[in-house]
Every structure is written in structure tokens, then in C-alpha cells.
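Residue-level structural notes
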Amino acid sequence: MTQTLRPRRSCLAVPGSNPRFLEKAKGLDADQVFLDLEDAVAPMAKPGARKNIVAALTEGGWGNKLRVVRVNDWATQWTYRDVIEIVEGAGADLDAIMLPKVQSAEHVAALDTLLTQIEKTIGYEVGSIRIEAQIENALGLINVDAIATASPRVETIIFGPADFMASINMKTLVVGEQPPGYDVGDAYHYILMRILMAARAYGKQAIDGPYLQIRDLDGFRRVAERSAALGFDGKWVLHPDQVAAANEVFSPRQDDYDHAENILDAYDWFTSEAGGEKGSAMLGDEMIDEASRKMALVVAGKGRAAGMQRTEPWTPPESG
Ligand code: GLV
Ligand code: MG
């Protein structure tokens, strides 16, 4: 199911209060942009930011990028106006609303209801605006399964590390890096895996959050490689320099992509009559079977979605 969703290797954060950044984001190579009304926008600037975002979306020029707006969370006084102003003003030019600090299925259900009413009023297809749910505290993580299944609109589950670290009293100020004193593993492993399990169980995309040291590209890559290795689909980027790194890290490596396509072709052939109707067979030095095909489908699917081309086609062994 995840394979049918559009790629979100790089999800670019753009503060809605800055028209220059909004304009610049249109030309960047991110798979997704999210125009922010929440924590990157000061309270007094929120009404103006809504107007900037509606203008930027309706003007167009976003290419193939997924266009998402992050509204304020339900504990504030801003959420309903954010949603109404953005969706009424630019719903035809919008793919999803990102809801931060989601703690329960009810938070998602409330947004779903509001979106349905606006879609009916304006005449958009009901359900066309999707939802991205940010998990940013302990309660959200505990309820992540119910959150993922609270509405068919939910497409992604996103880890919000900065708010999450604050909410659990993690003893550090550096987002994404290990807290000093914890030297026995990865302090984020459980959280990332919990989110990933919910995403995979319910066919959603799992997205890793920001890395705030924007001048440290090596650090960004190191942290991104970890969530990519587990199976995450993408990561937030806060700066143009992080975009290419995220696109690369969350795509398969060329030799893995080639190998995956070879496994698919080879297994297809070996299971056919011409190939001897074998359920397991040797591909070079490697034994492949149905489970190999499933792993290869994941890697090949990500590569195809990223527009990768295989280096050379696989050919069946000479008969005899
Ligand atoms: C993102 O919203 C975060 O809190 O890390
Ligand atoms: Mg946050």
C-alpha cells in the first residue's frame, strides 16, 4: 500500500511568514514542501502567514511537489481558522494538512470532520485533502495505532524529535544526536521503530523529523542514514543543502536497485515453465526465493518511484 503513495524522501519546511522563502522553495528539488503556520511562525505573524500561504499555493509553480500546510495544534486557538482559511482559499492547490502534536484519534477525527465540511461547502471531492500526523509526545506515541487508523485521509506518521525530546525530559538540547551519558545504543530506536511499525501495519509512510544543525551536512546524513536504514520513507529538510542529501539517502543505492530488479526478473524466470518452475534458485552466489522477491519489490519500488534507471537488464542463463 505504501508503494502507491507519492515519494516523500525530502520534506522541506518553509515558514509561512516569509514570502521570499515561499518563492524560493518552488524551485528546490524537494519531493514535498510543507508551508508552516506552527512553530516557525510567531503568534503575531500567523494571520499574515495564512494569507501568504494561500497566495503562494494559488499562484502555482510548485511542479510535482506534494504541497502540504502545517496548521497549529488543537490545544491552541488558531487551528480552526488555519484550516478554514487555507482550505477555503487554496484547497484545490493543496495535497494535505499536517497536524502537529497529535495525541489521540480524536485529534485526527476533528480535523477530518472540519475538512469534510469545507470540501462539501466549496465543492471539492470529500476526502481529497489528506492528513499528515506528527507524533511529538509520549501520549501520541502510545496512541499511534489509533491515530494511524483514525481516518482514511492519514497518509504519513511523522516523528517530531524536538517536541518529543522536550516532552519526555530527554537530557539534551541537540535534536537527533544521542543525549550525553547514554552510551549503550540509540536513544531514538524505540520511538522510530514504534512509528515505523504503525506505518507499516496500516500502509502509511513513516517520516523522520528535522536535524537542526543545518550547517552540519555530515551530521544530517548520519542521522538520516539511520532512519532510512530502518525503513523510513523520508525526512524533513530545513535548508536547501539538505534536499539533495535526503533524496539520495532515502533512495536505494544504484547497485542495490540494480540487484533488486535482477532478483525480480530472475525469480520471475525461475518460477516460470522455461526456468524450471523452481521456488528457490541461485542468482550468482545467492539463493533467492519468494521472500527475496518481497524484499526486492520494496527496493525496486522505491527506486522506480525515485525515477532510477537500471544499469543493465538481467538475462536468463544459457539453457542446458
Ligand atoms: C518538529 O516539529 C519537531 O518538534 O521536531
Ligand atoms: Mg514540533
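This text gives an overview of the structure that appears in the document. (Residues numbered from 1 in each chain as written. Chains lettered and ligands numbered in written order. Predicted model: local features only at pLDDT ≥ 70, side-chain atom pairs only at ≥ 80, totals over all residues. Heavy atoms only, no water.)

Over the atoms rolls a probe the size of a water molecule, and in doing so it shows where empty space is left. A full pass over the atoms with the stated rule returns one cavity of 30 Å³ or more. Its boundaries defined by the atoms lining it, the largest cavity holds a volume of some 110 Å³. Around the largest cavity, the lining is made up of 14 residues, and of these G176, Y188, L192, D208 and V223 lie nearest the centre. For the lining of the largest cavity, the element with the most residues is helix α9 (residues 217-230), which contributes three residues. Split into classes, the residues belonging to the lining of the largest cavity amount to seven nonpolar, three polar and four charged. (1 Å grid on protein atoms, 1.4 Å probe; cavity = no way out; pocket = protein on both sides within 12 Å on 5 of 7 lines; lining within 4 Å. Points joined across faces, edges and corners; volume = space filled by probe spheres on them. Helix = DSSP H or I, 4+ residues; strand = E, 2+ residues; numbered from the N terminus. Nonpolar A, V, L, I, M, F, W, Y, C, P; charged D, E, K, R; others polar.)

Below, the discussion takes up the nonpolar core. Membership of the largest hydrophobic core comes to 65 residues, with the highest contact counts inside it found for L12, L35, V69 and I97. Counting residues per element, this core draws most heavily on helix α8 (residues 189-202), which supplies six residues. Core analysis: the next-biggest nonpolar cluster, separate from the first, contains twelve residues, I263, L264, I288 and A296 among them. (Core = buried A, V, L, I, M, F, W, Y, C linked by side-chain atoms within 4.5 Å. Buried < 20%, exposed > 50% of the residue type's maximum accessible area, 1.4 Å probe, protein only.)

The magnesium ion (ligand 2) binds to the protein through E136 (OE) and D163 (OD); the donor distances cover 2.1 Å. Residue E136 is found in the loop between β5 (130-135) and α5 (138-142), and its partner D163 is found in helix α7 (residues 161-167); the two are separated by 27 residues along the sequence. Judged by its relative accessible area of 3%, E136 is buried. (Donors = N, O, S within 2.8 Å, 3.2 Å for Na, K, Ca; no water.)

The next point concerns unusual backbone geometry. Phi angles above zero are rare outside glycine, and K101 is one such case at about 50°. For E277, which is not glycine, the phi torsion reads 50° and is therefore positive. Position of E277 relative to the elements: it lies in the loop between α11 (254-270) and β9 (281-283).

Backbone-to-backbone hydrogen bonds join strands into a sheet, with any given pair of strands oriented parallel or antiparallel. Read around the closed barrel, the eight strands follow the order β1-β2-β3-β4-β5-β6-β7-β8; overall the barrel is parallel. On average, each strand axis in the sheet is tilted by 25° relative to the strand beside it, whichever way the strands run. Here strand β1 (residues 10-15) pairs with strand β2 (residues 32-36) via five bridges, running parallel. Looking across to β2, one finds that L12 is bridged to V33. Across the sheet, α9 lies against β7 (205-208) and β8 (234-237), angled at about 150° from β8, the strand it touches most. (Pairing = 2+ DSSP bridges. Axes fitted to C-alpha atoms, helices over the stretch in contact; angles between N-to-C directions. Contact = heavy atoms within 4.5 Å.)

Attention now moves to the site of ligand 1. Looking at ligand 1, the residues that line it are R70, Q134, E136, G160, P161, A162, D163, P210 and W236. Here an oxygen atom of ligand 1 and a backbone polar atom of A162 are 2.7 Å apart. Contacts to ligand 1 include D163, whose backbone N or O atom sits 2.9 Å from an oxygen atom. When isolated, ligand 1 has an accessible area of 190 Å², and the protein chains bury 93% of it. Take the shell around ligand 1: its biggest share by element is three residues, from α7. The class makeup of the residues in the shell around ligand 1 is four nonpolar, two polar and three charged. (Near = heavy atom within 4 Å. Polar contact = N/O pair within 3.5 Å; in protein donor to acceptor, adjacent residues only side chain to side chain. Areas by Shrake-Rupley, 256 points an atom, 1.4 Å probe, with all protein chains shown as cover.)

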